[in-house]
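Working through the structure, step by step
In case you want the letters, here they are:
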Amino acid sequence: MIEIRWHGRGGQGAKTAALLLADVAFTAGMYVQGFPEYGPERMGAPITAYNRLDDHVIRVHSNIYEPDIVVVVDETLIKAVDVTAGLKPGGKLLINSKRRAEDILKEFPEINAEIYVIDAADISIRYIGKNIPNSPLLSAVARLTGLIPEAEFMKSVEEAISHKFASKPAVIQGNVDSIKESWNAVIRINE
Amino acid sequence: MSDYKYPKIDKKSKAPAFRERMSGNEAVSYAIRQIDPDVIAAFPITPSTEIPQYISKYKADGKISTEFVTVESEHSAMSACIGASASGVRAMTATSSAGMALMYELLYVAASDRLPVVMAAVNRALTGPININADHSDSMGARDSGWIQIYSENAQEAYDNMLMAHRIGEHPDVKLPVMICQDGFITSHAIENILLESDEFAKEFVGEYTPEKFLLNTKESLGVGPYGISPYYMEAKRGQEQAMENAREVIAQISKLYSDATGRLYDFFEAYRMDDAEYAILIMGSASGTAKDAVDNLRAEGKKVGLIKLRVFRPFPFDKIAQALSKVKGLAIMDRSEGFSASGGPLGAEVRSALYGRVDGIKTINYIYGLGGRDMRVRDFEDIYAEIMAIKADEIPELYKYYGVRER
């Protein structure tokens, strides 16, 4: 089982991204969970969302405390929330950032994890016209899980995006294009 | 018992279930669309709000013929359901927490008028302090209102239980309202895999509602909900009690028919790895699956542990529970609500009562857990098994205790 924890702020789409990842993995034939942790829903407040992906039925219904992958949708949270809490040794940390690698690495001096970066804001602005980083991050996370080959992911994600945005067809193509670029735009910044 | 015709499902011609992914709220709404009840009256409240939202969409898209009544409160929602059901049609609602509390007076009216209203209950803590997350304090507060109560572990069970609800409540030997419960957010808002049945199967299984007596029958006049003077009131209550007793047989029959047709097994409870279990947890709702993972982990270490997941809380299957627990040495009864009896929670009281005089000597602790959405992890259940396994033979364990709470 792969467990993923998303850190974002209310309104940035971390929950939507987690639900879309569940959709995509489902379409690829897996057992999935995608769920947010709910508190008072406020725009801009820190929120957490989760995914479990497995080849077997998933019965557990708790939050995720020892994730394989952590996604930081909003890097201003790094100072506010312990985003790497419980991250498995050798796990993966994905950060949405346009900063230089050495600046990001300074924030995680002791970490035993692979750190990846994607400039999801830039990609989403270019393809969707707005800073909604969840589609690029979805693509990057899907790649980091290693569970779904690129071609199969692209096929599943088109279905999932079309399903999710059935009432807003104008945004489907931009999201799909941003996802295609993002698969290869995620880079590892530590050794 | 009347010679009621149970649905006959031809398994050979039945369409296979199909794979989907959806939240518990969407799953229940999907079942409601397939049932296509005559009347739905509902008022939105977190976390069940999505259910009337889905129903509104089904209605706008022409996918249901239901009369959807957008009332101004839950008190009115249940009142409208009572009126509709008394007139002779199928009526449903959805609610949570304070919404259910506002229905409280009418819950008793629906039950005592013997109206098989069906409610999608999405469990949420009752206010004080205000909280939107899961616990069972709302439906447990209504446990003595005369409704049949069925609890679900996940979206699949919420869906399946909803497809069984009308057959149970509308049975002529029962005629009682039915509450299908699932845990707020934990299952209501989590996307999970699910197997859905075809519309044809769902409609065939649920069947048509043809009440024997109803208010809009011009050939036979009827009064519903009159004043019950002392010479009659007690007989009315005895009738409700008999109906609840009869519900046992009907729930068994309907659950077996559904299980046979779908291959997904339903009974009053699920006994998980209980055959040779010496230590057991008894629990309801979404944390059951988490606890099953703990059972598997401990079984892998050779520990003889098992789990009872209670599905039907009303009527309470006291004899079957006593039988299922007859060989265990230690038991943890898990309550996701407080009763403030200062003696434990409502499930603890029922289970102890079921055991008393039938099965004695089980070292039992009643745990209060998960209030207001407090999370339970696999390792928490491993801790609980360790605690009950550590009770010594000559020790009288604590009657009840809180799990996962900060003490000063």
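Residues numbered from 1 in each chain as written. Chains lettered and ligands numbered in written order. Predicted model: local features only at pLDDT ≥ 70, side-chain atom pairs only at ≥ 80, totals over all residues. Heavy atoms only, no water.

Notes on the environment of Ala243 of chain B
Residue and element names in this part refer to chain B.
- By the secondary structure assignment, Ala243 is in helix H9 (residues 230–262).
- Along the backbone, Ala243 and Ile391 are 148 residues apart, and their C-alpha atoms lie at a distance of 41 Å.
- Filtering out sequence-adjacent residues up to four positions away, Ala243 remains in contact with Arg114, Asp173, Val174 and Leu176. (Helix = DSSP H or I, 4+ residues; strand = E, 2+ residues; numbered from the N terminus. Contact = heavy atoms within 4.5 Å.)

Brief notes about the domain arrangement of chain B
All names here are of chain B.
- What the domain assignment reports for chain B is domain 1 (18–262) and domain 2 (269–402).
- A C-alpha centroid distance of 28 Å is found between domain 1 and domain 2.
- Contact residues are listed per partner, giving 28 residues for domain 1 and 25 residues for domain 2.
- Summed over both partners, the interface of domain 1 with domain 2 buries about 2100 Å², with 55% contributed by carbon and sulfur atoms.
- Between domain 1 and domain 2 we count 5 salt bridges in total.
- One salt bridge in this structure joins Glu153 and Lys309, with 2.8 Å as the shortest N-O distance. (Domains from an automatic or database assignment. Buried area = accessible area lost by both parts, 1.4 Å probe. Salt bridge = Lys/Arg side-chain N within 4 Å of Asp/Glu carboxyl O.)

Details of the packing of aromatic side chains
- Applying the stated criterion across every chain yields a total of 12 aromatic pairs over all chains.
- Summarising the aromatic geometry, the rings of Phe35 of chain A and Tyr50 of chain A are spaced 5.2 Å apart at their centres and angled 25° between planes, so their arrangement reads as stacked. With Phe35 of chain A in strand S2 (residues 31–37) and Tyr50 of chain A in strand S3 (residues 46–54), this residue pair connects regions lying 15 residues apart in the sequence. Tyr50 of chain A matches Phe35 of chain A in its accessibility class, with the two residues each being buried.
- Each member of the aromatic cluster is reached from another via a ring pair, and the members are Phe201, Phe205, Tyr258 and Tyr266 of chain B.
- The residue whose ring lies beneath Arg33 of chain B is Tyr30 of chain B, and the NZ or CZ to ring-centre distance is 4.6 Å.
- Looking at Lys292 of chain B, its charged tip hangs above the ring of Tyr272 of chain B, at a distance of 5.8 Å from the centre. (Phe/Tyr/Trp six-rings, centres within 6.5 Å; stacked < 30°, edge-to-face > 60°. Buried < 20%, exposed > 50% of the residue type's maximum accessible area, 1.4 Å probe, protein only. Lys NZ or Arg CZ within 6 Å of the ring centre and 35° of its normal.)

A look at the pairing of strand S2 (residues 39–42) of chain B
Residue and element names in this part refer to chain B.
- Of the two faces of S2, the one holding Val39 and Ala41 and the one holding Ile40 and Ala42 are both buried throughout.
- Direction of pairing for S2 relative to strand S3 (residues 67–70): parallel, over a ladder of 4 bridges. Along S3, the bridge assignment pairs Ile40 with Phe68.
- With helix H2 (residues 50–60) bridging S2 and the parallel S3, this β-α-β connection has right-handed handedness.
- In the sheet, S2 pairs with strand S4 (residues 91–95) via 2 bridges, with the strands oriented parallel. Bridging across to S4, Ile40 finds its partner in Met92. (Pairing = 2+ DSSP bridges. Right-handed = clockwise from strand over helix to strand, strands pointing away.)

A word on empty space enclosed by the protein
- The final tally for this structure, using the stated rule, is 1 cavity of 30 Å³ or more.
- Size it by volume and the largest cavity reaches roughly 40 Å³.
- If you trace the largest cavity, you find it lined by His61 of chain A together with Ile186, Ser286, Ala287, Thr290, Arg336, Asp375 and Met376 of chain B.
- Along the lines of polarity and charge, the residues of the lining of the largest cavity split into 3 nonpolar, 3 polar and 2 charged. (1 Å grid on protein atoms, 1.4 Å probe; cavity = no way out; pocket = protein on both sides within 12 Å on 5 of 7 lines; lining within 4 Å. Points joined across faces, edges and corners; volume = space filled by probe spheres on them. Nonpolar A, V, L, I, M, F, W, Y, C, P; charged D, E, K, R; others polar.)

Notes on unusual backbone geometry
Residues and elements named next belong to chain B.
- The omega torsion of the bond from Gly128 to Pro129 falls at -10°, within 30 degrees of zero and hence cis.
- On the secondary structure map, Pro129 appears in the loop between strand S5 (118–123) and helix H6 (137–141).
- Between Arg314 and Pro315 the backbone carries a cis peptide bond, its omega angle lying at 0°.
- Mapped onto the secondary structure, Pro315 falls in the loop between strand S12 (312–314) and helix H11 (318–324).
- Residues other than glycine seldom take positive phi values, yet Asp36 does so here, at roughly 50°.

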